[in-house]
Amino acid sequence: QVQLVESGGGLVQAGGSLRLSCAASGAIYSITSMGWYRQAPGKQRELVAQITEGGTTNYADSGKGRFTISRDDAWKTMYLQMNSLQPEDTAVYYCKADGRILSTPQTFWGRGTQVTVSS
């Protein structure tokens, strides 16, 4: 199992920045990719950004040019630097990890951290 704990959310004014962190523990050796998702009230959870073990990154159009995903080499911590935040970025942000344990694909989620952007 992999445990994920997000931190760094909060209240920020439009145009401001936040840096989210996701701390991973447990079977981190099994992780093959990690990502950030978000869910706004009344909306479905959506991808924000993801990063693979090879370092390849992928961003949703909403965050391109404003958000940067990164991680340490050991998969212990993943980050999301968010700049030029807008009210539409308000959501609960979740950390997700994909991996393989005993050849079985596994997906793990954190509990989320609230990001609120005021206009």
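Look up: the structure comes first, before these words.
Figured I'd write up the structure that's included with this text. (Residues numbered from 1 in each chain as written. Predicted model: local features only at pLDDT ≥ 70, side-chain atom pairs only at ≥ 80, totals over all residues. Heavy atoms only, no water.)

Regarding the overall build of the protein chain
Using the following cut-off: Helix and strand definitions here come from DSSP, where helices need a minimum of 4 consecutive H or I residues and strands a minimum of 2 consecutive E residues; each element is numbered from the N-terminal end. Only the C-alpha atoms count toward the radius of gyration. The rule for a globule is 2.2 Å times the residue count to the power 0.38. Contact criterion: two residues are considered in contact whenever any of their non-hydrogen atoms come within 4.5 Å of each other. For accessible areas, the Shrake-Rupley method is used with a probe of radius 1.4 Å. Any residue's cover is judged against the shown protein chains and nothing else. Positive residues here are Lys and Arg, negative ones are Asp and Glu, while His and the chain termini are left out of the count. Charged groups are reduced to one reference atom each: NZ for lysine, CZ for arginine, CG for aspartic acid, CD for glutamic acid.
Each helix and strand counted, the protein chain has zero helices and 11 strands in total. Each helix (α) and strand (β) of the protein chain, taken in turn from the N terminus, gives the series β-β-β-β-β-β-β-β-β-β-β. On C-alpha atoms alone, the protein chain measures out to a radius of gyration of 14 Å, which is about the 14 Å that the 2.2 N^0.38 rule sets for 119 residues. Over its C-alpha atoms, taken along the principal directions, the protein chain stretches across nearly 50 × 25 × 20 Å. If you take every contact in the protein chain between residues at least 6 apart in sequence, the share linking residues at least 24 apart comes to 55%. Element-wise, carbon and sulfur atoms account for 47% of the exposed surface of the protein chain, whose accessible area totals about 6,300 Å². Counting 11 positive and 9 negative side-chain charges, the protein chain places the averaged centre of each group 3 Å from the other.

Here we look at the sheet that holds strand β8 (residues 77-82)
Our working definition: Between any two strands, at least two bridges found by DSSP are needed for them to pair. What counts as an axis is a line fitted to C-alpha atoms, over the stretch in contact for a helix, and the angles between N-to-C directions run from 0 to 180 degrees.
Strand order in the open sheet formed by four strands is β1-β3-β8-β7, with antiparallel pairing between adjacent strands. Across the chains shown, the open sheet's two edge strands, defined by having one partner strand only, are β1 (2-7) and β7 (67-71). Here the average twist between neighbouring strands, direction ignored, is 15 degrees. Two strands pair when backbone bridges link them, and β1 and strand β3 (residues 18-26) are joined in this way by six bridges, in the antiparallel orientation. Bridge pairing in β3 links Val 2 to Gly 26.

With respect to the pattern of salt bridges
Selection rule: By definition here, a salt bridge exists when the distance from a side-chain nitrogen of Lys or Arg to a carboxyl oxygen of Asp or Glu is within 4 Å. Partly exposed describes any residue whose relative accessible area lies between the buried limit of under 20% and the exposed limit of over 50%, with all areas from a 1.4 Å probe on protein chains only and scaled to the type maximum.
Across all of its chains, the model carries five salt bridges by this definition. A salt bridge links Arg 38 to Asp 89; the nearest nitrogen and oxygen atoms lie 2.9 Å apart. In this pair, Arg 38 sits in strand β4 (residues 31-39) while Asp 89 sits in the loop between β8 and β9 (91-101), placing the two residues 51 residues apart along the sequence. The buried category is assigned to Asp 89, whose relative accessible area is 1%. For Arg 66, the salt bridge is made with Asp 89, and the minimal N-O distance between the two is 2.7 Å. With Arg 66 in the loop between β6 (57-59) and β7 and Asp 89 in the loop between β8 and β9, the pair connects residues that are 23 residues apart, well separated along the chain. The class of Arg 66 is buried, set by a relative accessible area of 18%. Among the ionic contacts, a cluster of salt bridges with common partners joins Arg 38, Glu 46, Arg 66 and Asp 89.

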